[in-house]
Amino acid sequence: MPSANRVWGAYLKKNGFHRQLVDDHGKYVYTVDDFCRDHPEGTYVLGIDGHVVCVQDGYYWDSWDSGQEIPIYYWER
């Protein structure tokens, strides 16, 4: 399926992105909003449970309000 993690992950890797685990900075809950505040510049694709969201220059772009979701890993270019 085109939406499978291995498919879009391979696409991102082919286009210069590198995958990393999210550093929660010792917080109990580290959200997409927190990630945006900590990354005011750059382009990222965050993996959250069953979903992905794009963060660009400190703002997330999604079809719904995913600011309180918990990212597990991210792709960075």
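Heads up: the structure comes first, above all this text.
Think of each chain on its own: its residues are numbered from 1, step by step along the sequence as written. Totals for whole chains, interfaces and linings use every residue, but because this is a predicted model, local features are given only for residues with pLDDT of at least 70 and side-chain atom pairs only at 80 or more, for both listing and counting. Note that the side-chain values use all heavy atoms of the structure and ignore hydrogens as well as water.

Nine residue types can take part in a nonpolar core, namely buried Ala, Val, Leu, Ile, Met, Phe, Trp, Tyr and Cys, and a core is a set of them joined through side-chain atoms within 4.5 Å. For every residue, the accessible area obtained with a 1.4 Å probe (protein chains only) is divided by the maximum for its type, and the residue is called buried under 20%, exposed over 50%, and partly exposed between those limits. Ranked by size, the top nonpolar core spans 11 residues in total: V22, Y30, V32, F35, C36, Y44, L46, I48, V53, V55 and Y74. Working definition: helices are DSSP H or I runs of at least four residues, strands are E runs of at least two. Numbering for both runs from the N terminus. Elements that contribute at least two residues to this core include exactly α2 (32-38), β2 (43-48) and β3 (51-56). With residues up to four places along the chain from it excluded, the contact list for V22 reads Y30, P71, I72, Y73 and Y74. Counting six residues, the second largest nonpolar core, distinct from the first, contains L12, F17, V45 and Y73. Residue contacts are defined here by distance: any two heavy atoms, one from each residue, within 4.5 Å place the two residues in contact.

This part is about the side chain of T43. Tracing the chain through its elements places T43 in strand β2. Separated by 3.4 Å, the side chains of T43 and Q56 make a polar contact. When residues no more than four places from it in sequence are discounted, the contact partners of T43 are F17, V55, Q56, W75, E76 and R77. We call two N or O atoms a polar contact when they sit within 3.5 Å, provided that within protein one can donate a hydrogen and the other can accept it, with sequence-adjacent residues counted only if both atoms are side-chain atoms.

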